[in-house]
Amino acid sequence: MTIMARYHMRKSEREITEITEIIDILLKGKYATISLCRNDEPYLVTLSYGYDRAENALYFHAAPLGLKLDFIKANPNACGTVIEDHGYVVDQCEQNFRSLVFFGTMSIVDDLDDMKHAMNILLEHLEGEPEPIKQRNVPDDESYKKVSMLKFKITEMTGKSNLKK
């Protein structure tokens, strides 16, 4: 993973450069907003995710058919953001936050073992007790035919913080 900005950050004192802080934001976050494009048509969607440190990837679940999948098939290049909101500062016209913008590729996970891995990462990230959810939603291999798992492989990332210490 490359931690760098594609563009110069105007307020460089707000740039997050420590990988541990970036990972912390990804581990604490619960949803990401993903930007996709096909034939000059933009599409933006917010999804719950699970972060896989070993793969440096986010995993999402979706219906087996739909607009997201159509966009990913047409163009796998994507951009996303995770925002950790610490609230608006009254009388200061400021927002306390940490945020990430990341670039990479989105793919549809089609191998059953990879789908199971993706679902495990997602549920471990989001749920305190993931086993009951797994048993209810994906109790057997056949149940994976009713869901799509998506993978966002992160290749570049930049972070920004406006936290008052």
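What you see is a predicted model; the values in this text were computed from it and never measured.

Q: Hey, could you run me through the overall build of the protein chain in this one?
A: When its secondary structure is counted, the protein chain shows four helices and nine strands. The N-to-C order of helical and strand elements in the protein chain reads β-β-α-β-β-β-β-α-β-β-α-α-β. Across the protein chain, the fraction of contacts at a sequence separation of at least 24, relative to all contacts at a separation of at least 6, is 72%. For the protein chain, the accessible area works out to roughly 9700 Å², and carbon and sulfur atoms hold 50% of it.

Q: Mind showing me how you'd approach the environment of Leu-26 here?
A: Mapping Leu-26 onto the fold places it in helix α1 (residues 19-28). The spatial distance from the C-alpha of Leu-26 to the C-alpha of Val-82 is 7.2 Å, given a sequence separation of 56 residues. Once residues lying within four places of it in the same chain are set aside, the contact partners of Leu-26 are Tyr-49, Tyr-51, Leu-58, Val-82, Leu-100, His-125 and Met-157.

Q: Looking at this structure, how should I read the environment of Ser-143?
A: Summarising the element assignment, Ser-143 is placed in the loop between α4 (130-137) and β9 (148-161). Setting aside its immediate chain neighbours within four residues, Ser-143 contacts Asn-137 and Val-138. Within polar-contact distance, the side chain of Ser-143 engages the backbone oxygen of Asp-140 at 2.5 Å.

Q: Teacher, can you tell me more about the packing of aromatic side chains here?
A: Between two aromatic rings, the relevant description is the distance of the centres plus the angle of the planes. Here the structure, examined in full by the defined rule, presents two aromatic pairs. Here Phe-102 and Phe-152 contribute two aromatic rings whose centre-to-centre distance is 5.1 Å and whose plane-to-plane angle is 85°, an arrangement assigned as edge-to-face. One end of the pair, Phe-102, is in strand β8 (residues 94-109); the other, Phe-152, is in strand β9, with 50 residues separating them in the sequence. Comparing Phe-102 with Phe-152 shows no difference in burial state: the two are buried.

Q: When you look at the pairing of strand β6 (residues 57-62) in this model, what are you seeing that I'm missing?
A: Looking down a regular strand, the side chains alternate between one sheet face and the other. In terms of burial, β6 is largely enclosed, as five of its six residues are buried. Direction of pairing for strand β5 (residues 50-52) relative to β6: antiparallel, over a ladder of three bridges. Residue Gly-50 lies in a different strand from β6, and its bridge partner there is Tyr-59. A loop of four residues connects β5 with β6, the two strands running antiparallel in sequence, and Asn-56 in this loop sits at a positive phi of about 50°. Of the strand pairs in this sheet, β6 and β9 are connected by six bridges, and their pairing is antiparallel.

Q: For this particular structure, what's the right way to read the side chain of Glu-84?
A: Examined against the element boundaries, Glu-84 turns out to sit in strand β7 (residues 77-89). Take Glu-84: its relative accessible area is 14%, and that puts it in the buried class. In terms of polar contacts, Glu-84 uses its side chain to reach the side chain of Arg-98, at 2.7 Å.

Q: Is there a simple way to think about the pattern of salt bridges in this case?
A: Tallying each qualifying case throughout the model produces 10 salt bridges. Its salt-bridge partner being Glu-142, residue Lys-145 comes within 3.2 Å of it at the nearest N-O pair.

Q: Sorry, what's going on with a negative patch on the surface here?
A: Negative charge collects at one region of the surface, where Asp-110, Asp-111, Asp-113 and Asp-114 lie side by side. Secondary-structure assignment places Asp-111 in the loop between β8 and α3 (112-126).

Q: Explain unusual backbone geometry here, please?
A: Glycine aside, residues mostly have negative phi angles, and peptide bonds mostly take the trans form. The phi torsion at Asn-39 lies on the positive side, around 45°, for a residue other than glycine. Mapped onto the secondary structure, Asn-39 falls in the loop between β3 (31-38) and β4 (41-48). Overall, Asn-39 belongs to the exposed group, its relative accessible area being 75%. The phi angle at Asp-40 is positive, at roughly 60°, despite the residue not being glycine.

Q: Help me understand the pairing of β3, please; the structure alone is not making it clear to me.
A: Sheet analysis places β3 next to β4, joined by eight bridges and oriented antiparallel. Directly across from Thr-33, in β4, lies its bridge partner Thr-46. Adjacent in sequence and paired antiparallel, β3 and β4 are bridged by two residues, among which Asn-39 carries a positive phi angle near 45°.

The rules behind these values
Residues numbered from 1 in each chain as written. Predicted model: local features only at pLDDT ≥ 70, side-chain atom pairs only at ≥ 80, totals over all residues. Heavy atoms only, no water. Helix = DSSP H or I, 4+ residues; strand = E, 2+ residues; numbered from the N terminus. Contact = heavy atoms within 4.5 Å. Areas by Shrake-Rupley, 256 points an atom, 1.4 Å probe, with all protein chains shown as cover. Polar contact = N/O pair within 3.5 Å; in protein donor to acceptor, adjacent residues only side chain to side chain. Phe/Tyr/Trp six-rings, centres within 6.5 Å; stacked < 30°, edge-to-face > 60°. Buried < 20%, exposed > 50% of the residue type's maximum accessible area, 1.4 Å probe, protein only. Pairing = 2+ DSSP bridges. Salt bridge = Lys/Arg side-chain N within 4 Å of Asp/Glu carboxyl O. Patch = residues over 30% accessible without salt bridge, like charges linked within 9 Å, V, L, I, M, F, W, Y side chains within 5 Å. Lys, Arg positive; Asp, Glu negative; His and termini not counted. Charge placed at Lys NZ, Arg CZ, Asp CG, Glu CD.

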